[in-house]
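Now for the letters of each chain:
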Amino acid sequence: MGKADRVMAAPTRLRAHYVLSTHWDREWYQSFQNYRYQLVRLLDRVLAGLEDGRLRGPFQTDGQAIILEDYLEIRPERRSELERLAQAGKLVIGPWYVLPDEFLVSGEALIRNLRLGREIARGFGVEPSNAGFVCDLFGHNSQMPQIFAGFGIRGGLIWRGLNHLQTRHVRWRGADGTELAAYRFPSGGYCDYTFQVRHAFEHAVQPTGDSVRADLDTYLRHEAEHTEVDPILLFDGGDHEEWDEAVYAAMLAYADRADDFEVVHTSLDAYLAEVLPQTARIGTVVNGELREPGSDYDDQQWVIPGVLSSRVWIKQANAECQSLLCQWAEPFSAWASLMLGTEVPQGFLDVAWKWLLQNHPHDSICGCSIDVVHEDMKYRFSQTRQIADRLTNEATRAIAASVAGDIGDDEVRVVLFNPLTAPVDETTEVTVQIPLHWPQFNEFFGFEPKPAFRIFDGAGRELPYQRLHQTNNRRKLRIHTIKFPEAYRTHDVTVSLPVSVPALGYTTLTVRAEPAGRATRYPVKPSLVVAENALENEFLRVTVEANGSLTLLDKRSGMSYARLMTYADNADIGDGWYHGQAVNDQTFTSTAAHAAVAIVHDGPQLGALRVRTAMAVPAAFHFDDRMARSDGLVDLVIDSVISLRPGCDRVEVQSTVHNVAADHRLRVLFPTGAQSDTYLADTPFDVVERPIPLHADNHLFRELEMETRPQQCWTAVYDGTRGLAVVSSGLLESAVQDGAERTLALTLFRATQRTVFTDGEPGGQLPGALSFRYWLVPLAALPDRVGLSRLGQQIAGGLRAVQLRAADLPLYRQAAALPASSGLLAVDGPAVVTSARWLGGGLELRLFNPTPESGQATVRLAGATQLTTVEEVDFESRPRGAARPVVDAGVEIALSAKQIKTLRFA
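Definitions and limits used
- Residues numbered from 1 in each chain as written.
- Predicted model: local features only at pLDDT ≥ 70, side-chain atom pairs only at ≥ 80, totals over all residues.
- Heavy atoms only, no water.
- Buried < 20%, exposed > 50% of the residue type's maximum accessible area, 1.4 Å probe, protein only.
- Helix = DSSP H or I, 4+ residues; strand = E, 2+ residues; numbered from the N terminus.
- Arc of directions from axis to C-beta.
- Pairing = 2+ DSSP bridges.
- Phe/Tyr/Trp six-rings, centres within 6.5 Å; stacked < 30°, edge-to-face > 60°.
- Contact = heavy atoms within 4.5 Å.
- Axes fitted to C-alpha atoms, helices over the stretch in contact; angles between N-to-C directions.
- Parallel < 35°, antiparallel > 145°, perpendicular 65-115°, else oblique.
- Left-handed = near helix turned anticlockwise from the far one by under 90°.
- Nonpolar A, V, L, I, M, F, W, Y, C, P; charged D, E, K, R; others polar.

Among all positions of helix H10 (residues 268–275), only Leu268, Tyr271, Leu272, Glu274 and Val275 are buried. All buried residues of H10 fall inside an arc of 160° around its axis, so they share one side.

Of all the five residues making up strand S21 (residues 540–544), four are buried; the element is thus mostly covered by neighbouring parts of the structure. Relative to strand S22 (residues 550–554), S21 runs antiparallel, the two sharing five bridges. Residue pairing in the sheet places Leu540 in a bridge with Asp554 of S22. Turn length for the S21-S22 hairpin, with the two strands adjacent in sequence and antiparallel, is five residues, and the turn residue Gly548 shows positive phi of about 95°.

The full count for this structure, using the stated rule, is 31 aromatic pairs. Here the aromatic rings of Trp28 and Trp577 are separated by 6.1 Å at their centres, their planes lie at 55°, and the arrangement is tilted. Here Trp28 is found in the loop between strand S1 (14–20) and helix H2 (32–52), whereas its partner Trp577 is found in the loop between strand S24 (566–571) and strand S25 (588–589), with 549 residues between them in sequence. Taking 5.7 Å as the distance between ring centres and 65° as the angle between the ring planes, the aromatic pair formed by Phe151 and Phe875 counts as edge-to-face. Residue Phe151 is found in the loop between helix H6 (144–149) and strand S5 (155–158), and its partner Phe875 is found in the loop between strand S47 (869–873) and strand S48 (884–885); the two are separated by 724 residues along the sequence.

The next point concerns the environment of Val170. If you trace the backbone, Val170 turns up in strand S6 (residues 169–173). Between the C-alpha atom of Val170 and that of Arg884, which follows or precedes it by 714 residues, the distance is 38 Å. Ignoring sequence-local partners within four residues, the contact set of Val170 consists of Ile158, Leu162, Leu165, Leu180, Ala181, Ala182, Ile282, Thr284 and Val286.

Taken together, three strands build an open sheet; the order of strands is S12-S17-S16 and the sheet is antiparallel. Of all the strands in the sheet, just strand S12 (424–435) and strand S16 (466–478) have a single pairing partner and so form its edges. If you compare each strand with its neighbour and ignore which way they point, the axes differ by 30° on average. When S16 meets strand S17 (residues 486–501), the two strands line up antiparallel, connected through 10 bridges. Within S17, the position partnered with Arg478 by the bridge is Glu486.

Through backbone hydrogen bonds, the strands of a sheet pair up, either in parallel or in antiparallel fashion. With antiparallel pairing, the five strands of this open sheet are ordered in space as S19-S20-S21-S22-S23. The sheet is open, and its two borders are formed by strand S19 (529–531) and strand S23 (559–564), each paired with just one other strand. Across this sheet, the average inter-strand angle for adjacent strands is 20°, counted without regard to direction. Relative to S23, S22 is paired through four bridges, and the arrangement is antiparallel. Bridging from a neighbouring strand, Leu553 pairs with Ser560 of S23.

Next up on the list: unusual backbone geometry. Of note, the amide linkage connecting Gly94 to Pro95 takes the cis form, showing an omega dihedral of 15°. Here Pro95 is to be found in the loop between strand S3 (91–92) and helix H5 (107–123). Across the junction of Lys525 and Pro526, the peptide omega takes the value 0°, indicating a cis bond. Secondary-structure assignment places Pro526 in the loop between strand S18 (505–513) and S19. In the Ramachandran plot, Met565 falls in the positive-phi region, its phi being about 65° despite a non-glycine side chain. Its place among the elements puts Met565 in the loop between S23 and S24. Phi at Met627 is positive, roughly 45°, even though this residue is not glycine. Residue placement: Met627 occurs in the loop between strand S28 (621–622) and strand S29 (628–629). According to the relative accessible area criterion, Met627 is partly exposed, its value standing at 30%.

Let's shift gears to the packing of helix H11 (residues 312–340) against helix H12 (residues 346–357). Where H11 meets H12, the axes come as close as 11 Å, and the angle between the chain directions of the two elements is 165°. Relative to H12, the element H11 is oriented roughly antiparallel. The element H11 and its partner H12 pack so that their crossing is left-handed. Where H11 approaches H12, its residues Asn318, Cys321, Gln322, Leu325, Cys326, Ala329 and Glu330 are matched on the opposing element by Leu349, Ala352, Trp353 and Leu356. Taken together, the residues of the contact of H11 with H12 sort by class into eight nonpolar, two polar and one charged.

See the structure below:
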């Protein structure tokens, strides 16, 4: 017996939950301010309807709290009214601050987003919504069930990334096994009710009371046939739609007379509260990340994969800001507070996070809106960057100035900081600021003066360095609190030298002037440059070929990789949503390109070659009857620096593309030769294994499946004998091509002119210089998921240097005297740390296990011995168990496969 038959036979009516909302893209095909004008009008009408009783039930704020902030900025006098309505159950707020994309931001940003949204809801005197609302996000990452569970959210509402089902519900099993009972919206998605009952796309149709009642009855019976649980959802929340008073009144009239259905105006939470006890009746289980392309022609879900690479500067700026906050401003502010008693700048951190999260709505971070939207994003990124940089500088300067000992007149103190939870023992580059009055020396007959100095570590050992670059007489500024700023000048000399910096810690170097008339030089041999086109260290040899590509020999395995760093450029006639593939396309490669090679750095600490590749590519695409790339070619110049360090098994690449073409996509290719059918990539709080071949029936799909897929920092392919990983920051689209060579393809950028509801705009074309960084890691064994994730953090965060002279100490020194080298904490084992911050009177640490096996991680509090207890907390810092002692400044942490765990040390 079908569900509809059971409806007719049942002694009681099925309850249908009518939920009134709106899907509020904060900025998209209109600017934020234009949309806000509509938002104020919408909420004015909603409040009026709630006050006079025309609306019988609550208004759901689209799962996000920011719309109330945006409203109150215009209507501040209505705050108390909103609080009263919320407390009366008439406004359901959150759980998100904004509705983000799940792949383009970090896992930590997703947690902070939910946390802020829930805090704002509580600011109105109510508990936040516990409906895991992700109605319009472009696919779902594998850890969302566990992320939601960390906030006590047990039910969700999804759509994109999961193809049409005969049932409305699934049990979504996340990477760690956490299950989320989820409602999958019908074929029209979250707009289905507005399509079928309100006829929102039929502008000439004016629903009548009779037509609404007929459509509603048909809709309810159809939904009843497609659910395994008793309650039915009527979600009235289309894009930017206000409530339709006439349709709503007709719905109420139907509800008052319906025989088979009890239609009640409730909330998503009320609906899920009825669904969750019936979870066992849901037979369909889906696993991990949900990124199915739209396959069915009667279903309107599109996963929209092209957003991974649209307007790449947005992704790069976001990655930079996330790193500044999570790797620098928060942990080092916490450490300065612990060690020196300085204030934790929580207010500044909160403001910086809010600016950043306001760039995370899916139509913003995805780069798929009109130009003015993305221009507004630059200001928000800038605010986050400024605050995070200042807080980092304040904390690190205070620590550096508080290292015991004075600074002599002929000394500069350089303190290097490491944001990783593992030590850094390798060469690094530092630009040393040398006072103008220090002695200089010349080679031969005085062709170029060079500052003469030596560098010593904290134990007094001299460190050999390689002089890389210098610029003389550069202006600096010393800021005083009770006097005007003081300008001074320095000679800036960039050196490469070996350092050892503790985990999440610092080490102190002392730069001393050399007596006048004496040179400071160190052996330049053996050099890492072994030929005019080759670099070599203990592990690797990299050779630049005539066309600018690289041949990489892994000396450990004997495996060689050829034609690495080959470029492929093809037309892009798409937009922010999709890479548009033209029928009349031609893919241009750098296979026969001209390349110029220069030796940039030639020494034992750093070897670097500059490779200038000039590709001839079509100037643009002709959007006329030809629909083809132009016959006229322009030189697309790619200027790369290839670097190798002693003792490192990676090749570092810094590239700048001088983009003079339009309507194209540029990728860099790395043939791996690995005979594998799967590959690995990192995503928020996880490393996923994906198949390389596309669906065999892909040609039948409504939305083509694409080989390009998301990464956070790295992608790796390995077959047990050979393989390659590429690690980057802010480049979120990669692929492993289904060909004999299993080529790993990293998208650098897409340049497009189309924007939604316009005749085209220039902002998406990205003219000018575009810069990218990535590291190549040949694999001599199975990919180290933890190690590659830490490399991703290293390329994003790097090291920082604070430089002080004697005059700086009174400005920044605190009362405590610190050792020359120390670390706050180190983590060993199968754990990647995503956050370390001072919160609620303790140091809160979040980590996750990216491996498919359980394991033990060790947290060692080397520089924070005053922290003596540890307890596990949830994502809102609520205890999950009893505190236990920290023994010998360390604690063992059990982590199950793919588990995220948050700890508070006090």
